[in-house]
Amino acid sequence: MNTATTRANASRVAERLHRRRTIINRVAIVLSCAAAVFGLFFLTWILWTTISKGIGAVNIALFTQNTPPPQEAGGLANAFYGSMMMCGIAILIGTPLGIAAGTWLAEYADVRRIGLVIRFVNDILLSAPSIVLGLFVYTLVVAQMGGGFSAIAGALSLAFIVLPVIVRTTDEMLRLVPSQMREAALSLGVPQWKVIVQVLYRGAAPGIVTGIILALARISGETAPLLFTSFGNQYWSTDLTQPMASVPVVMNQFTASPYENWQSLAWAGALVLTFFVLVLSLIARAILSRNKSRHE
């Protein structure tokens with residue numbers, strides 16, 4: 001009798017727990033779907049507004065003419081060139097340093113205290129506001145040059161944004177490479193540096209490349225650090241030691257103006273940047289998917 005009562009009580013308790021879990025699960029699903037719909041609604045709204053207001057100004061002149069004076073026709077050729085140059089230099093600076101630092105963290109300082117400290121500092125840099133990095137480069141470079149804004153200073157500020165992203169990606173990708181690959185290569189008498197270059201980099205290459213692409217996508221729309229470093233230039237300039245135009249800075253300037261032609265160019269620049277970031281994200285996704293399917 002006691003055994004039957006105990007089983008009945010256990011059955012009722014289990015039923016109540018199952019009912020409670022079912023209710024919590026359904027509530028969580030409803031809230032998750034509501035949050036997803038909420039986010040997608042505003043994302044669609046932003047994309048539709050950008051496309052509807054920017055598509056009319058997307059033409060050949062947008063890519064072939066410089067930023068115009070008020071009430072005159074023009075384009076964003078100098079801004080596109082400036083953004084391309086500064087982002088390219090930032091990637092060239094941040095990529096080798098980030099890969100080297102990430103490799104050291106993954107292969108030489110994985111369990112050491114200094115490795116934990118550096119990872120912690122790198123995570124702080126990942127979440128640091130870009131304007132803080134811009135002010136840092138302004139103090140370090142621009143102010144020391146007598147207030148001379150330049151494309152080099154702008155590239156340096158973007159490189160500080162690129163660096164922690166690539167460090168984190170390289171560190172994580174190298175640590176995901178199976179340890180058996182290291183042990184097999186080292187057991188054959190291969191030096192560790194050659195194991196890293198010829199074995200580990202090959203296994204982690206898709207993830208590292210993806211991190212570089214995502215870093216490029218992130219810096220392509222940064223405005224705050226460039227306001228303090230490269231500033232801007234209404235004319236075409238290839239001198240890296242002088243102020244240089246960039247699409248985010250031009251957008252920031254033109255959207256606050258009362259002139260319709262400037263506002264149209266700002267929306268067109270936002271549309272081009274949006275599709276550029278979208279293409280980079282799709283490329284990164286394709287690289288990761290291809291690598292995953294190859295391993296499977």
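Refer to the structure presented above.
First, a word on what this report is: a plain description of the structure on this page. (Residues numbered from 1 in each chain as written. Predicted model: local features only at pLDDT ≥ 70, side-chain atom pairs only at ≥ 80, totals over all residues. Heavy atoms only, no water.)

Some remarks on the overall build of the protein chain
Our working rule: Secondary structure follows DSSP: runs of H or I at least 4 residues long count as helices, runs of E at least 2 residues long count as strands, and numbering of each begins at the N terminus. The reference for a compact globule is 2.2 Å times residues^0.38; the radius of gyration itself is calculated from the C-alpha atoms.
The number of helices and strands found in the protein chain is eleven helices and zero strands. Taken from the N to the C terminus, the helices and strands of the protein chain come in the order α-α-α-α-α-α-α-α-α-α-α. Relative to a compact globule of 296 residues, whose C-alpha radius of gyration would be 19 Å, the protein chain shows 26 Å and is clearly more extended. Dimensions of the protein chain, computed from the C-alpha atoms along their principal axes, are close to 95 × 55 × 35 Å.

Looking at the environment of Ile51
To keep things clear, this is the line we draw: Buried means the residue's accessible area, taken with a 1.4 Å probe over protein chains only, is under 20% of the maximum for its type, while exposed means over 50%, and partly exposed covers the values in between.
With respect to the element layout, Ile51 can be found in helix α1 (residues 2-54). Here Ile51 falls in the partly exposed class, since its relative accessible area comes to 33%. Sequence-wise, Ile51 and Glu172 are 121 residues apart; in three dimensions their C-alpha atoms are separated by 37 Å.

Quick notes on helix α5 (residues 130-142)
The following threshold applies: Each direction from the helix axis to a C-beta atom contributes to the arc, which is the arc of those directions.
All of the buried residues in α5 are Ser130, Leu133, Gly134, Val137, Val141 and Val142. Projection of α5 onto a plane perpendicular to its axis shows the buried side chains occupying an angular sector of 115°, all on one side.

Remarks on the packing of aromatic side chains
Let me state the cut-off plainly: Aromatic rings from Phe, Tyr and Trp, with only the six-membered ring used for Trp, were paired whenever their centres fell within 6.5 Å, and each pair was classed as stacked if the ring planes differed by under 30 degrees, edge-to-face if by over 60, and tilted otherwise.
In the structure shown here, the tally under the stated rule is eleven aromatic pairs. Of the aromatic side chains, those joined through ring pairs into one cluster are Phe38, Phe41, Phe42 and Trp45.

Topic: the side chain of Thr210
Stated formally: Here a polar contact means two N or O atoms within 3.5 Å. Within protein one must be a hydrogen donor candidate and the other an acceptor candidate, and residues neighboring in sequence count only if both atoms are side-chain atoms.
Structurally, Thr210 is set in helix α8 (residues 192-219). By relative accessible area, which is 4% here, Thr210 ends up buried. Engagement of the side chain of Thr210 in a polar contact is seen with the backbone oxygen of Pro206, the distance being 2.7 Å.

Regarding the nonpolar core
As a reminder, the rule being used: To qualify as a nonpolar core, a set must consist of buried Ala, Val, Leu, Ile, Met, Phe, Trp, Tyr and Cys residues joined through side-chain atoms within 4.5 Å. Should any heavy atoms of two residues lie within 4.5 Å, those residues are counted as being in contact.
Core analysis: the largest hydrophobic core is formed by 29 residues, its most contacted members being Ala90, Leu158, Val162, Ile166, Leu200 and Ile219. Looking at this core, the elements with two or more residues in it are α3 (77-107), α6 (151-176) and α8. Apart from residues lying up to four places away in sequence, Leu200 is in contact with Glu107, Leu174, Val177, Arg182 and Val195. In terms of nonpolar packing, the next biggest core, distinct from the first, is built from 14 residues, Leu62, Leu76, Leu265 and Leu273 among them.

Regarding the pattern of salt bridges
Our working rule: Any carboxyl oxygen of Asp or Glu that lies within 4 Å of a side-chain nitrogen of Lys or Arg is treated as forming a salt bridge with it.
All told, the structure shown has six salt bridges when counted by the stated rule. Here Arg168 makes a salt bridge to Glu172, at a shortest N to O gap of 3.4 Å. Taken together, the residues Arg168 and Glu172, both in helix α6 and four residues apart, mark about one turn of the helix. For Arg168, a relative accessible area of 36% gives the class partly exposed. Salt bridges linked by common partners bring Arg119, Asp171 and Arg175 together as one network.

A few points about the side chain of Ser257
Locating Ser257 in the fold gives a position in the loop between α10 (247-255) and α11 (260-295). In this structure Ser257 comes out as buried when scored by relative accessible area, which is 9%. Only 2.7 Å separates the side chain of Ser257 from the backbone oxygen of Phe254, close enough to count as a polar contact. When sequence neighbours within four positions are dropped, the list of residues in contact with Ser257 reads Trp262 and Gln263.

Here's the deal with the environment of Ala256
Mapping Ala256 onto the fold places it in the loop between α10 and α11. Sequence separation between Ala256 and Ala266 is ten residues; the distance between their C-alpha atoms is 9.6 Å.

Remarks on unusual backbone geometry
Not every positive phi belongs to a glycine, and Gln71 is a case in point at roughly 65°. Residue classification places Gln71 among the exposed positions, given a relative accessible area of 61%. Residues other than glycine seldom take positive phi values, yet Phe231 does so here, at roughly 65°. Looking at the secondary structure, you find Phe231 in the loop between α9 (224-227) and α10.

With respect to the packing of helix α4 (residues 113-127) against α6
Quick reminder of the rule: Only the contacting stretch of a helix is used when fitting its axis, a line to C-alpha atoms as for every element, and angles between N-to-C directions run 0 to 180 degrees. Comment on the angle field: the value is read as roughly parallel under 35 degrees, roughly antiparallel over 145, roughly perpendicular from 65 to 115, and oblique elsewhere. Left-handed describes a crossing whose near helix is turned anticlockwise from the far helix through less than a right angle; right-handed describes the clockwise counterpart. Throughout this entry, Asp, Glu, Lys and Arg are counted as charged residues, while Ala, Val, Leu, Ile, Met, Phe, Trp, Tyr, Cys and Pro are counted as nonpolar. The remaining residues, Gly among them, count as polar.
Contact geometry for α4 and α6: axes closest at 9 Å, N-to-C directions at 130°. The pairing of α4 with α6 is recorded here as oblique in orientation. Where α4 crosses over α6, the two elements pack in a sense that is left-handed. Facing Arg119, Asn122, Asp123, Leu125 and Leu126 of α4, the residues of α6 in contact are Pro164, Val165, Val167, Arg168, Asp171 and Arg175. Within the contact of α4 with α6, the residues separate by chemical class into five nonpolar, one polar and five charged.

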